[in-house]
Amino acid sequence: MSAASAASTLAVMDHAALDRQLRLGEDAANEFKDVARNGFSIDRMDLAKALAAFANSGGGRILLGVSDDGTVTGTGGVQQTDALLRHVTQVCRDLVSPPLSCRPLKVERDGWTVLVVVVPGFAPDRPYLVSGADYVRDGTQNRKASRDEQIRLLQSADYHFDE
């Protein structure tokens, strides 16, 4: 699958696609984040690390308003959801370096709103850093990149350097 077709597949999140992903759970391209238990807010640094990890690892989706077991908990009312959307765009702009362009989309399921953040992959600006560190997606986890992974990220972005 080409990068363009993978990106278009990630962008599609209708009811059937959402239900399928909720059944399947988290994976290398999808992460769930429950915001209801935190007063409909999110840890900005944790979100930044997840965004950078996906951007450095081929892209993916972060589903805000979904617990780890796939239960939809929602993002609150319209004002709370809009505030979360603003937080996402601020984190993309202010905590991820270089700034990352993501597409947060609202999807409704059984009266609950889920905020789907589509993170592009293979952008020419990679690697994306948070507080000076590279992050990658490893299965269902986000972690700091190893030295070898950092080198591969730089090489894949067509940077030239001497070891």
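Position numbers for residues count from 1 along each chain, tracking the sequence in the order it is written. In keeping with the model being predicted, local features are shown solely for residues with a pLDDT of at least 70 and side-chain atom pairs are shown and tallied solely at 80 or more, while totals for entire chains, interfaces and linings include all residues. The basis for every side-chain value is the complete set of non-hydrogen atoms in the structure, without hydrogens or water.

Participant: Report on the layout of surface pockets, specifying residues and quantitative values.
Facilitator: Think of a 1 Å grid over the protein atoms and nothing else: a 1.4 Å probe that fits but is trapped marks a cavity, an open set flanked by protein within 12 Å on at least five of seven lines marks a pocket, and residues with an atom within 4 Å of a point count as lining. Grid points are joined across faces, edges and corners, and a volume is the space filled by probe spheres set on the points. Put simply, the largest pocket is a space of about 310 Å³. In terms of lining, the largest pocket is formed by 19 residues, of which the most central are Glu31, Phe32, Lys33, Arg37 and Asp46. To qualify as a helix, a DSSP run of H or I must reach at least 4 residues; to qualify as a strand, a run of E must reach at least 2; elements of each kind are numbered from the N terminus. Counting only elements with at least two residues in the lining of the largest pocket, the list comes to β1 (30-33), α3 (44-56), β7 (133-138) and β8 (141-144). For this classification, the nonpolar set comprises Ala, Val, Leu, Ile, Met, Phe, Trp, Tyr, Cys and Pro, the charged set comprises Asp, Glu, Lys and Arg, and every other residue, Gly included, is treated as polar. Class assignment for the residues of the lining of the largest pocket results in four nonpolar, five polar and ten charged.

Participant: Before we move on, could you go through the state of the cysteines and cite the residues and values that matter?
Facilitator: Covalently bonding the sulfur atom of one cysteine to the sulfur atom of another cysteine gives a disulfide. Criterion for a disulfide: a pair of cysteine sulfur atoms at a distance within 2.5 Å. Taken as a whole, this structure holds zero disulfides when the rule is applied. Cys102 forms no disulfide, and the closest cysteine sulfur to it belongs to Cys92, at a distance of 3.4 Å.

Participant: Could you give me a rundown of the sheet that holds strand β6 (residues 129-130), with the residues and numbers involved?
Facilitator: Read across the open sheet, the four strands follow the order β3-β6-β7-β8; overall the sheet is antiparallel. A single partner strand is all that each edge strand has here, and the edge strands are β3 (96-97) and β8. Pairing of β7 with β8 involves four bridges; the strand directions are antiparallel. Residue Arg137 lies in a different strand from β8, and its bridge partner there is Asn142. We call two residues in contact when some of their heavy atoms are within 4.5 Å. Whenever a helix is involved, its axis is fitted only over the stretch in contact; in every case the axis is a line through C-alpha atoms, and angles between N-to-C directions fall within 0 to 180 degrees. The strands touched by α3 are β3, β6, β7 and β8; relative to β7, the strand with the most contacts, the crossing angle is about 70°. At least two bridges found by DSSP between two strands is the condition for calling them paired.

Participant: Give me helix α4 (residues 78-94): which residues, what numbers.
Facilitator: With 17 residues, α4 extends 24 Å from end C-alpha to end C-alpha; this agrees with the ideal 24 Å at 1.5 Å per step. Of all the positions in α4, only Thr81, Leu84, Val88, Val91 and Cys92 are classed as buried. Projected down its long axis, α4 shows its buried positions confined to an angular sector of 100°, all on one face. Exposed residues on α4 whose side chains face more than 90 degrees from its buried face are Val78 and Gln79. Those residues of α4 that are buried lie in contact with α3, β2 (60-64), β3, β4 (103-109) and β5 (112-119). A helix is expected to span 1.5 Å multiplied by its residue count minus one. Exposed residues in this analysis have more than 50% of their type's maximum accessible area, buried residues have under 20%, and partly exposed residues fall in between, with area computed by a 1.4 Å probe over protein chains only. Working definition: the arc comes from the directions between the helix axis and the C-beta atoms, pointing outward to the latter.

Participant: Explain the side chain of Arg126 to me, and be specific about the residues and the numbers.
Facilitator: For Arg126, the position within the fold is in the loop between β5 and β6. The definition of a polar contact used here is a pair of N or O atoms within 3.5 Å, where within protein one atom must be able to donate a hydrogen and the other to accept one, and adjacent residues in sequence count solely through side-chain atom pairs. A distance of 3.2 Å separates a polar side-chain atom of Arg126 from the backbone oxygen of Phe122.

Participant: Account for the nonpolar core, naming residues and giving values.
Facilitator: We call a set of buried residues a nonpolar core when its members are Ala, Val, Leu, Ile, Met, Phe, Trp, Tyr or Cys and they connect through side-chain atoms within 4.5 Å of each other. Grouped together as the largest cluster of nonpolar side chains are 27 residues, with contacts concentrated most on Leu51, Ile62, Leu64, Leu100, Val117 and Val119. Among the secondary structure elements, those contributing two or more residues to this core are α3, β2, α4, β5 and β7. Considering each element in turn, this core owes the most residues, eight residues, to α3. If we skip the residues at most four places from it in the chain, Leu100 touches Leu51, Ala55, Cys92, Val119, Pro120 and Tyr128. In this structure, Leu63, Val66, Val116 and Val118 belong to the second largest nonpolar core, which totals twelve residues.

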